[in-house]
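Reading the structure
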Amino acid sequence: MAGTKAGLRPDFATIGGIVLAAGGILGGLLLEGGQLKDVVQVTAAIIVVGGTLGSVMVNTPMSTLLAAGKRSMSVLFESAHDPTQRVETLIDFATKARKSGIVALEKEVQALEDPFLKKALSLAMDGADLQDIRGMLELEMTSVENHADQEAKVFEAAGGYAPTIGIIGAVLGLIQVMKNLSDVNEVGHGIAVSFVATVYGVALANIVMLPAANKIKARTHEQIRLMELTMEGVTGIVEGMNPKLLRVKLEAFVPPAAAPKKAKA
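In this report, we go over the structure that sits alongside the text.

Quick notes on the rules
Residues numbered from 1 in each chain as written. Predicted model: local features only at pLDDT ≥ 70, side-chain atom pairs only at ≥ 80, totals over all residues. Heavy atoms only, no water. Helix = DSSP H or I, 4+ residues; strand = E, 2+ residues; numbered from the N terminus. Buried < 20%, exposed > 50% of the residue type's maximum accessible area, 1.4 Å probe, protein only. Contact = heavy atoms within 4.5 Å. Core = buried A, V, L, I, M, F, W, Y, C linked by side-chain atoms within 4.5 Å. Polar contact = N/O pair within 3.5 Å; in protein donor to acceptor, adjacent residues only side chain to side chain. Axes fitted to C-alpha atoms, helices over the stretch in contact; angles between N-to-C directions. Parallel < 35°, antiparallel > 145°, perpendicular 65-115°, else oblique. Left-handed = near helix turned anticlockwise from the far one by under 90°. Nonpolar A, V, L, I, M, F, W, Y, C, P; charged D, E, K, R; others polar.

Take the side chain of T220 next. On the secondary structure map, T220 appears in helix α10 (residues 196–239). Here T220 falls in the buried class, since its relative accessible area comes to 7%. In contact with T220, not counting residues within four places along its chain, are R71, V144, E145 and A148.

Right under this line is the structure:
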């Protein structure tokens, strides 16, 4: 049945954004007469990445940290959920339930892969009170939103620590420079290298960590929107709402860009 199966597909906006940002920075460096080796410093990367990860581990409970690691996949990949398909699925269920009763949907409901849709329809088939159905579904939506918010804060924390760790790396580099003040050429080179850690810290925060936190929040908003659509559809089925009226109600949850285009008369 359409709209029941969810898959993952690469998020080309995320991948393209990282490539464009990195390309713009490195391209600017080359146009200014610099070389890639000027910013390729393994020690600086170790300091920034290791220091940032360590700070986040101190800041975050391990269970939340592990959950955030899994959540990071949603930054690179997006669910293939289509709200228009979900509307069609719910309207199909509403039509069959209105004709043969909601219990007649049992076999199709058991075959559903979306756990929230399956749970909502199962509660309806079990004869749960409408308010109880809404209450349980809203509780699950709140839980999903809270977990996602906590996991997004892990990336926000990393984005806050990375620039500071980069400064620490720069200071460590300057300490090494101060040991060779007798050689002016080495001093100039050493100062340039020491600031690479700062570049790494700021870049890690503003190209990866903070955007990832916002992408997680955006993904969660889309997920909650789909769950709200599902809840309204199932409650409409329980109420015996006319499928045509239910469609009008559910289409309010579909973003304009995703809404099917109406044929011109």
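For the rest of this paragraph, the subject is the nonpolar core. Within the largest apolar cluster, 31 residues are counted, with the highest numbers of intra-cluster contacts made by I102, L105, L121, L137, V234 and I237. Secondary-structure elements contributing two or more residues to this core are α5 (83–100), α7 (115–125), α8 (130–178), α10 and α11 (243–250). Sorting elements by how many residues they give to this core places α7 first, with seven residues. Of all hydrophobic cores here, the second largest spans 19 residues; its members include V56, A158, L204 and I216.

By the secondary structure assignment, S74 is in helix α4 (residues 73–76). Within the structure, the side chain of S74 is placed 2.6 Å from the backbone oxygen of R71, a separation counted as a polar contact. S74 has contacts with K215, I216 and R219, leaving out every residue within four places of it along the chain.

A word on the packing of helix α2 (residues 42–59) against α10. Direction vectors running N to C along α2 and α10 enclose 40°, while the axes themselves pass 8 Å from each other. It follows from the interaxial angle that α2 and α10 lie oblique. Between α2 and α10 the crossing geometry is right-handed. Taken together, the residues of α10 that come into contact with α2 (itself represented by A44, A45, V48 and T52) are V196, A197, Y200, G201 and L204. Considered class by class, the residues forming the contact of α2 with α10 number seven nonpolar, two polar and no charged.

Moving on, we get to the packing of α7 against α10. Where α7 contacts α10, the two axes come as close as 10 Å, and the packing angle between them is 20°. Taken together, α7 and α10 sit at an angle that is classed as roughly parallel. Between α7 and α10 the crossing geometry is right-handed. Residues F116, L117, A120, L121 and A124 of α7 touch α10, and the partners they reach there are M227, T230, M231, V234, I237 and V238. Residues that form the contact of α7 with α10 fall into these classes: ten nonpolar, one polar and no charged.

A few words on the environment of T43. Within the secondary structure, T43 sits in helix α2. Take T43: its relative accessible area is 54%, and that puts it in the exposed class.

What follows concerns α7. Because an α-helix packs 3.6 residues into every turn, residues spaced three or four apart end up facing the same way. Of all eleven residues making up α7, eight are buried, and the element is well covered by its neighbours. If you check which residues of α7 are buried, you get F116, L117, A120, L121, S122, L123, A124 and M125. Residues of α7 that are buried in the fold lie against α5, α6 (106–110), α8 and α10. Near the N-terminus of α7, the side chain that reaches the backbone nitrogen of F116, with its oxygen 3.0 Å away, is that of D114. Once α7 ends, the next one or two residues include G127, with phi positive near 80°.

Our next topic: the environment of M125. Looking at the element boundaries, M125 is found in helix α7. M125 sits 23 residues away from I102 along the chain, and the two C-alpha atoms are 6.1 Å apart. The contact partners of M125, leaving out residues within four places of it in the chain, are I102, L105, E106 and V109.

Mapped onto the secondary structure, I167 falls in helix α8. Take I167: its relative accessible area is 48%, and that puts it in the partly exposed class. Linking I167 and K179, residues twelve residues apart in sequence, is a C-alpha distance of 19 Å.

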